[in-house]
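Given next are the chains, with one letter for each unit.
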Amino acid sequence: MAAIRIESVTDTTSGQIFAEVFVDDGTEPVMRSEAAFSSHDDLVQQVLGMCRSHFPDHFPFVDDPTIGV
């Protein structure tokens with residue numbers, strides 16, 4: 001099992017927000033986004049939306065838009 005941590009960071013030059021992704025207890029990010037988010041909340045909503053679309057709840061009684069049901 002791996003633990004994935006996503007941190008939002010403010011870019012001091014542009015004032016925009018970017019994400020850094022860490023795996024397990026790593027101190028160096030394995031991935032970093034562009035500074036393209038207007039706020040920390042905007043980044044959170046974008047990440048959650050991506051997770052919801054790529055990792056849908058496959059409980060048998062939940063509508064799954066990824067398979068048209």
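Refer to the preceding data block for the structure.
First things first, this report covers the structure right here in the doc. Computed from a prediction, not measured in an experiment: that's the story for all the values here.

Cut-offs and rules
Residues numbered from 1 in each chain as written. Predicted model: local features only at pLDDT ≥ 70, side-chain atom pairs only at ≥ 80, totals over all residues. Heavy atoms only, no water. Helix = DSSP H or I, 4+ residues; strand = E, 2+ residues; numbered from the N terminus. Contact = heavy atoms within 4.5 Å. Polar contact = N/O pair within 3.5 Å; in protein donor to acceptor, adjacent residues only side chain to side chain. Pairing = 2+ DSSP bridges. Axes fitted to C-alpha atoms, helices over the stretch in contact; angles between N-to-C directions.

Time to look at the environment of D11. Looking at where D11 falls in the secondary structure, it is placed in the loop between β1 (4-10) and β2 (17-23). Residue contacts for D11: discarding those within four places in its chain leaves Q16, F18 and A35. A distance of 2.7 Å separates the side chain of D11 from the side chain of S14, its partner in a polar contact.

Let's shift gears to the sheet that holds β2. Here three strands make up an open sheet; going across it, the order is β1-β2-β3 and the pairing antiparallel. Two strands lie at the open edges of the sheet, namely β1 and β3 (31-32), each paired on one side alone. In this structure, β1 lies alongside β2, joined through seven bridges in antiparallel fashion. In the sheet register, V9 faces β2, and the bridge partner there is F18. Sitting on the sheet, helix α1 (residues 40-54) is in contact with β1 and β2, with an inclination near 150 degrees to β1.

Before going further, it helps to examine unusual backbone geometry. A negative phi angle is the norm for most residues apart from glycine, just as the trans form is the norm for most peptide bonds. Not every positive phi belongs to a glycine, and D24 is a case in point at roughly 55 degrees. Its location among the elements puts D24 in the loop between β2 and β3.

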